[in-house]
Amino acid sequence: MPKKKHVPLPALTADERAANHRRQVRNQIWLPLIAALVIVLGLAGLAIFGTVNQSTEVNRWGSLSAILLIIPNLLTSLVSIVALIYLTRGVRYLQRKMPGWMVRWQAFMARVSAYIHRFADQTVRPVLSVHSVQAGVKAFGRKLGRNRPA
């Protein structure tokens, strides 16, 4: 069987494209929107009519819709309560363990502080000894200068 050759479609004019677009907007947006509005308004009208006539079906549907609105809130509240329980247990565990951890941390930081002080003292010791000798020599010189007979 021979292959059919692809024949390009004729190009549409601007007016034809605009007409296609308007038809698509009408069929894909406006008609479904209007149909949904008619259904919702019809149900609202039925609810109002049933309430005015004191129908028991309205009470039944009202109770059912209240239940359907409450169930998701109950499920999310259950998740929140479970999370709160676990968070409370975690805080209680931390509260029991924290004093021991803090004592260890304080001892560690005291050791680090002592090492840092010792290192700082060792690095400054040569400079201090030179300055001490200089200060001693100056003080000795001043003392000799005061004790000279005038």
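Here's what I pulled together on the structure shown here. Nothing here was measured: the structure is a model prediction, and the numbers come from that model.

1. Description of the packing of aromatic side chains
Two aromatic rings are characterised by how far apart their centres lie and by the angle between their planes.
(1) Moving on: Applying the stated criterion across every chain yields a total of two aromatic pairs.
(2) Moving on: An angle of 35 degrees between the planes, with centres 5.7 Å apart, marks the rings of Trp105 and Phe108 as tilted. Pair noted here: Trp105 and Phe108 are both in helix α2 (residues 56-146), with a separation of three residues, about one helical turn.
(3) Moving on: Judged by relative accessible area, which is 39%, Phe108 ranks as partly exposed.

2. Description of a positive patch on the surface
(1) Moving on: A cluster of basic residues, Lys138, Arg142, Lys143 and Arg146, forms a positive patch on the protein surface.
(2) Moving on: In this fold, Arg146 is placed in helix α2.
(3) Moving on: With a relative accessible area of 67%, Arg146 lands in the exposed category.

3. Concerning the pattern of salt bridges
(1) Moving on: Under the definition given, this model contains one salt bridge.
(2) Moving on: A salt bridge links Glu57 to Arg60, with the nearest nitrogen and oxygen atoms 2.4 Å apart. Note that Glu57 and Arg60 are positioned in helix α2 at a spacing of three residues, about one turn of the helix.
(3) Moving on: Residue classification places Glu57 among the partly exposed residues on the basis of a relative accessible area of 37%.

How each quantity is defined
- Residues numbered from 1 in each chain as written.
- Predicted model: local features only at pLDDT ≥ 70, side-chain atom pairs only at ≥ 80, totals over all residues.
- Heavy atoms only, no water.
- Phe/Tyr/Trp six-rings, centres within 6.5 Å; stacked < 30°, edge-to-face > 60°.
- Helix = DSSP H or I, 4+ residues; strand = E, 2+ residues; numbered from the N terminus.
- Buried < 20%, exposed > 50% of the residue type's maximum accessible area, 1.4 Å probe, protein only.
- Patch = residues over 30% accessible without salt bridge, like charges linked within 9 Å, V, L, I, M, F, W, Y side chains within 5 Å.
- Areas by Shrake-Rupley, 256 points an atom, 1.4 Å probe, with all protein chains shown as cover.
- Salt bridge = Lys/Arg side-chain N within 4 Å of Asp/Glu carboxyl O.
- Lys, Arg positive; Asp, Glu negative; His and termini not counted.
- Charge placed at Lys NZ, Arg CZ, Asp CG, Glu CD.

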